[in-house]
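Given next are the chains, with one letter for each unit.
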Amino acid sequence: MGMSTADSPAARAPSHSKRRRIITDVLIVVNTILAILAIVAIWANRQLLNPENWGNTSTTLLQNPAVRTATANYLVDQLYSNVNVASLLESRLPSRLDPLAAPVAGALRNAAVQATELALSRPVVQDLWAKANRRADQALVAIVNGGNRQVSVNGNEVTLNLSSILDDVASRLGISVDLGAKLPPSAANLVIMRSDQLKLIQDAGGALKGLATILYILVPLLYVVAIAIARGRRRRTLMSVGASAIVAGLAILLARSLGVRAVEHTLVSDESVRPAVRAVASIGTNMLVEIAGAVILIGIVLVIAAWFAGPSRLATPARRWLAPRLAEHPAAAYLVVGAVLLLVFIWQPIPATGTPLGMIVFAVLAALGTEALRRQTLAEFGGPRSPPPADDANLEHLTALRQAGALTADEADAAKARLSADDPVPATAAGEERKLP
């Protein structure tokens, strides 16, 4: 029996092409959502589960004036709530000045806040602050990894221990030495996590680490799959992949902006504390902005690469101009790309361009893109430039010599024949050769 029209290869081809197009579009849409989740997961993993990164972020927090003022007020409040400053002053003042102890203690409070704020701006105190934050985050990481038996079994709270900073503040005020050890735990420790939250944090942190690792691999892989199956539409698919990355990055930036405003206006009722809360939310998500910016930059590069490979009125002449140069001097092309990459690595517009892994990834992508461009221009416009055709001025000169009688007709025809033999004649659209006059 003969093959039916519906079963013929010509009939199946459009159906297969449409099916691939649908699969590609679905992959890109789903991967855009996964890319958003990947950015958040990678940020949380790097920021919250990396003590070194959190220590650096905490130092940046303390360098913010609003956060420093709020911290200074908190420390002085804890000091005055747990220490009888008036009694301490009374014990040090002459007996005839005992009635002045309480007023002096009250007046000293404002001075204590200013002195504490100044102390918090000092590198020594900021180092104490960073170490305290790093130790707290190490406890959090230990819980997530299930490796800190003391914390998980005994049900201890994860706290930010500020006793060393309180000691420094007290010594600057001349109140007491080793004050932090004498204060109750509630005064020198900020509770980050309570015992009833440890199991939840352990499960959530473990899931977060696994999710970050999986999405870090899965998202780029799905983008590659989408490009691979989009036969006949790979350039457009590459542009869609770039647009997907840009959308994911912009969505994160928008969500972060809305989130900072929500934290500032919804979770805080005290107007005086809002600047500090806004600063904490903003600084704490700086790494999120950096990761989103890196994704957006990669998307922009992919969109530009896809556009340059297309039939644009600007791109096509540019490729035509590059074609002979890429064919004749491929090594020079790679050197130029390498020089541009080196400038980017020195500039470091995003953190990824300053890390060894990021440099390797961008270098590989740049090399692949350069080779793809070289092959495309070679296929479109041929190899190295051909020798130029015979100069029409030579033919005119021969004609002038013939008319002047310096050459015979046979000599002129022989000279024209030699010029024609040295001049590769391109074929016309009809396949006929260009004829010399």
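Residues numbered from 1 in each chain as written. Predicted model: local features only at pLDDT ≥ 70, side-chain atom pairs only at ≥ 80, totals over all residues. Heavy atoms only, no water.

Draft legend 1. Here's a closer look at the overall build of the protein. A tally of helices and strands in the protein yields 19 helices and 2 strands. With 437 residues in all, the protein has 32% of them scored as buried. Considering only contacts in the protein between residues 6 or more positions apart, those separated by 24 or more positions represent 73%. Of the roughly 25,700 Å² of accessible surface on the protein, a fraction of 63% belongs to carbon and sulfur atoms. (Helix = DSSP H or I, 4+ residues; strand = E, 2+ residues; numbered from the N terminus. Buried < 20%, exposed > 50% of the residue type's maximum accessible area, 1.4 Å probe, protein only. Contact = heavy atoms within 4.5 Å. Areas by Shrake-Rupley, 256 points an atom, 1.4 Å probe, with all protein chains shown as cover.)

Draft legend 2. Seen up close, the packing of helix H16 (residues 330-347) against helix H17 (residues 356-381). Across the interface, H16 lies against H17 with an axial gap of 10 Å and an inter-helix angle of 150°. For the crossing formed where H16 meets H17, the hand is right-handed. On H17, the residues that touch Pro330, Tyr334, Val337, Leu341 and Phe345 of H16 are Met359, Phe362, Ala363, Ala366, Ala367, Thr370, Glu371 and Arg374. Each residue belonging to the contact of H16 with H17 can be placed in one class, and the counts come to 10 nonpolar, 1 polar and 2 charged. (Axes fitted to C-alpha atoms, helices over the stretch in contact; angles between N-to-C directions. Left-handed = near helix turned anticlockwise from the far one by under 90°. Nonpolar A, V, L, I, M, F, W, Y, C, P; charged D, E, K, R; others polar.)

Draft legend 3. Inspection of the nonpolar core at higher detail. One finds Leu75, Leu120, Leu162 and Ile165 to be the most contacted residues of the largest nonpolar core, which totals 17 residues. Once you skip the residues sitting within four places of it in the chain, Leu120 turns out to touch Leu62, Arg68, Thr71, Ala72, Leu75, Val125, Gln126 and Ile165. (Core = buried A, V, L, I, M, F, W, Y, C linked by side-chain atoms within 4.5 Å.)

Draft legend 4. Here's a closer look at the pattern of salt bridges. Applying the stated criterion to the full structure yields 5 salt bridges. The residue Asp127 makes a salt bridge to Lys131 at a minimum N-O spacing of 3.3 Å. Within this pair, Asp127 and its partner Lys131 are both found in helix H6 (residues 123-145), separated by 4 residues, close to a single helical turn. Look at Lys131 and you get partly exposed, because its relative accessible area is 39%. Across the pair Glu371 and Arg375 runs a salt bridge, and its minimum N-O distance is 2.8 Å. You can see Glu371 and its partner Arg375 sitting in helix H17, 4 residues apart, about one turn around the helix. Glu371 sits in the buried class, given a relative accessible area of 18%. (Salt bridge = Lys/Arg side-chain N within 4 Å of Asp/Glu carboxyl O.)

Draft legend 5. Focus on the environment of Arg231. Relative to the helices and strands, Arg231 is located in the loop between helix H11 (198-229) and helix H12 (234-266). Arg231 sits in the exposed class, given a relative accessible area of 52%. It is 8.2 Å that separates the C-alpha atoms of Arg231 and Arg20, two residues lying 211 residues apart in sequence.

Draft legend 6. Summary view of the environment of Gln63. With respect to the helices and strands, the residue Gln63 is situated in the loop between helix H2 (51-62) and helix H3 (65-82). Sequence separation between Gln63 and Ser121 is 58 residues; the distance between their C-alpha atoms is 6.6 Å. Here Gln63 is in contact with Arg68 and Gln126, once residues within four sequence places are set aside.

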